[in-house]
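# Residue-level structure breakdown
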Amino acid sequence: MRKTAIFVVGMLLAGATYGQNADEYEAKLKQLKQAISELQGQLKEVNNAKNQLNSELSKSETAIGDLTKKIQRIEGELAQEKKQLALLREQRDSLQASRKQQAAAVAEQLVSAYKLGGQSQLKAILNLDDSYQIARLLRYHQYIVDVRQSKIEQYLATVRELDQVEPAIAASAAKLEQQQATLSNRQQTLQSAQKQRKQTLAKLAQESRSAEQRLKQMTSERDELQRLLDEVTTLLADIPTPSDQQPIRELRGKLAWPVEGKIKHRFGTQRAGTDLKWDGVWLAAAAGTPVKALHGGRVVYSDWLRGQGLLLIVDHGAGYLSLYGHNQTLYKEVGDWVKAGETVGLAGDSGGQTEAGLYFEIRHQGKPQNPKRWCRG
């Protein structure tokens, strides 16, 4: 509901033309979600008819992606809790030092009051004849009383504050211990999922040992991606995105790469000695490297796809799409708005890859574009 509200406000600010298409875009997006869901069901049926290994790979890699996000969230919470605990302990140490100093000051004031004695002060005042001197002595006496009272109140306030800090430290320490236990469980589950993935990859490698089998598999994976892109292109055709950002076509050659990494496979080159060509680029990057959105737009696909692993597709308007494949995890869901340079996932090796990186494509009206002509450097 919140996302829809933000979307509507953004369109009103963007201009009347886009505002008139708000409902249409939302309707198209809903159709797209349904179409993708049906397409995924069809693809799973086809793949399951061949074997169960791709289904197993999808489950393990999706689990790895979800667990990675959860572990990162818990680690972030742990860091905050440790910081809070350190601050509380620092506050406690400061209060204890203040209490010690204030206790000494109060004790000193009480001793002074005892030595001075209330009766001697009263006699001194009654023996005076000068009213001015009497008034001055009374004010001085009141000042002494006020100082004593102030020091006592400060001491008591410090004691009360310490009484509140100590339970807070205990609660924070308990929460920290619980989070660490949760993190340990998540990490064990992640290790189990990674082990399952390795076993599945080994079985898949046995099934596609020959060049003919690999070509057949790669062709099938390419066709599945194309079917998905056809659905996206058809359903989102002529639906504008917000006009409060510069159109992507005006930024050709000026855009930043989604990850900083060496191009291992270039656009248009042959794939693994076959007649198939790369429709994008493979960027070498360490697992866990943040993947940045090429340009502002809306996520139209965020899920696992055979041959692409954890795949994210962003619609930039005017028929332009950017694709980010083989992620370790995805941070965005279908319908989410993203800004240029915003982290949308982490580079990885999902989709059966043996090394980490990012597969990156730019498409216009469904046709692959050379990313080097769009990205600087």
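Keep in mind the model is a prediction, meaning the values are calculated, not measured. (Residues numbered from 1 in each chain as written. Predicted model: local features only at pLDDT ≥ 70, side-chain atom pairs only at ≥ 80, totals over all residues. Heavy atoms only, no water.)

Across the protein, pLDDT averages 75, with 69% of residues at or above 70. Within the protein, the lowest mean pLDDT, 33, falls on helix α1 (residues 2-14), and the highest, 96, falls on strand β3 (residues 290-292). In this model residues 1-20 is a low-confidence stretch, pLDDT under 50, and it forms 19 contacts with partners more than four residues away in sequence or in other chains. (pLDDT = per-residue confidence, 0-100. Helix = DSSP H or I, 4+ residues; strand = E, 2+ residues; numbered from the N terminus. Contact = heavy atoms within 4.5 Å.)

Right, let's get into the environment of Gln 187. Inspection of the secondary structure assignment puts Gln 187 in helix α6 (residues 131-207). Through-space distance from the C-alpha of Gln 187 to that of Lys 70 is 9.7 Å; in sequence the pair is 117 residues apart. Look past the residues within four positions of Gln 187 in its chain and what remains in contact with it is Ile 71 and Glu 75.

Another point: the side chain of His 295. Relative to the elements of secondary structure, His 295 occurs in the loop between β3 and β4 (297-305). Among the polar contacts made by the side chain of His 295, one reaches the main-chain carbonyl oxygen of Gln 246 at a distance of 2.8 Å. Setting aside residues no more than four positions away along its own chain, His 295 makes contact with Gln 245, Gln 246, Pro 247, Ile 248, Leu 251, Leu 255, His 316, Val 338, Lys 339 and Ala 340. (Polar contact = N/O pair within 3.5 Å; in protein donor to acceptor, adjacent residues only side chain to side chain.)

Further remarks concern the pattern of salt bridges. A pair can form between side chains of opposite charge whenever their charged atoms are brought close. Evaluation of the coordinates by the stated rule reveals six salt bridges. One connected set of salt bridges, linked through shared partners, spans Asp 279, Glu 361 and Arg 363. (Salt bridge = Lys/Arg side-chain N within 4 Å of Asp/Glu carboxyl O.)

For the structure on display, the rule yields four aromatic pairs. Taking the centre distance of 5.7 Å and the plane angle of 45 degrees together, the rings of Trp 278 and Tyr 359 count as tilted. Of this pair, Trp 278 sits in the loop between β1 (263-265) and β2 (281-284) while Tyr 359 sits in strand β9 (residues 357-364), and the two are 81 residues apart along the sequence. Here Tyr 359 falls in the buried class, since its relative accessible area comes to 5%. Where Tyr 320 meets Trp 374, the ring centres are 5.4 Å apart and the plane angle is 65 degrees; that geometry is what we call edge-to-face. Here Tyr 320, found in strand β6 (residues 320-330), pairs with Trp 374, found in the segment after β10 (367-369); they are 54 residues apart in sequence, far enough to count as distant. By the burial criterion, Tyr 320 is buried, and Trp 374 matches it. Aromatic rings pair up to connect Trp 257, Tyr 324 and Phe 360 into one cluster. Above the ring of Trp 278, the side-chain terminus of Arg 271 is found at 4.1 Å from the ring centroid. (Phe/Tyr/Trp six-rings, centres within 6.5 Å; stacked < 30°, edge-to-face > 60°. Buried < 20%, exposed > 50% of the residue type's maximum accessible area, 1.4 Å probe, protein only. Lys NZ or Arg CZ within 6 Å of the ring centre and 35° of its normal.)

A general tendency of soluble globular proteins is for nonpolar side chains to be buried together. Counting residues in each nonpolar core, the largest one holds 29 residues, and the members touching the most others are Trp 257, Leu 283, Val 291, Leu 294, Leu 312, Tyr 324 and Phe 360. If you list the elements that add at least two residues to this core, you get β2, β4, β5 (309-317), β6, β8 (343-347) and β9. Setting aside anything within four residues of it in sequence, one finds Leu 283 in contact with Trp 257, Pro 258, Val 259, Gly 261, Lys 262, Ile 263, Gly 357, Leu 358 and Phe 360. Core analysis: the next-biggest nonpolar cluster, separate from the first, contains 17 residues, Leu 32, Leu 225, Leu 229 and Leu 321 among them. (Core = buried A, V, L, I, M, F, W, Y, C linked by side-chain atoms within 4.5 Å.)

Within the chain, Ala 318 stands out as a residue other than glycine whose phi angle is a positive 55 degrees. Considering the arrangement of structural elements, one finds Ala 318 in the loop between β5 and β6. With a relative accessible area of 42%, Ala 318 lands in the partly exposed category. Although it is not a glycine, His 326 adopts a positive phi angle of roughly 65 degrees. Considering the arrangement of structural elements, one finds His 326 in strand β6. Under the relative-accessibility criterion, His 326 is labelled buried at 4%.

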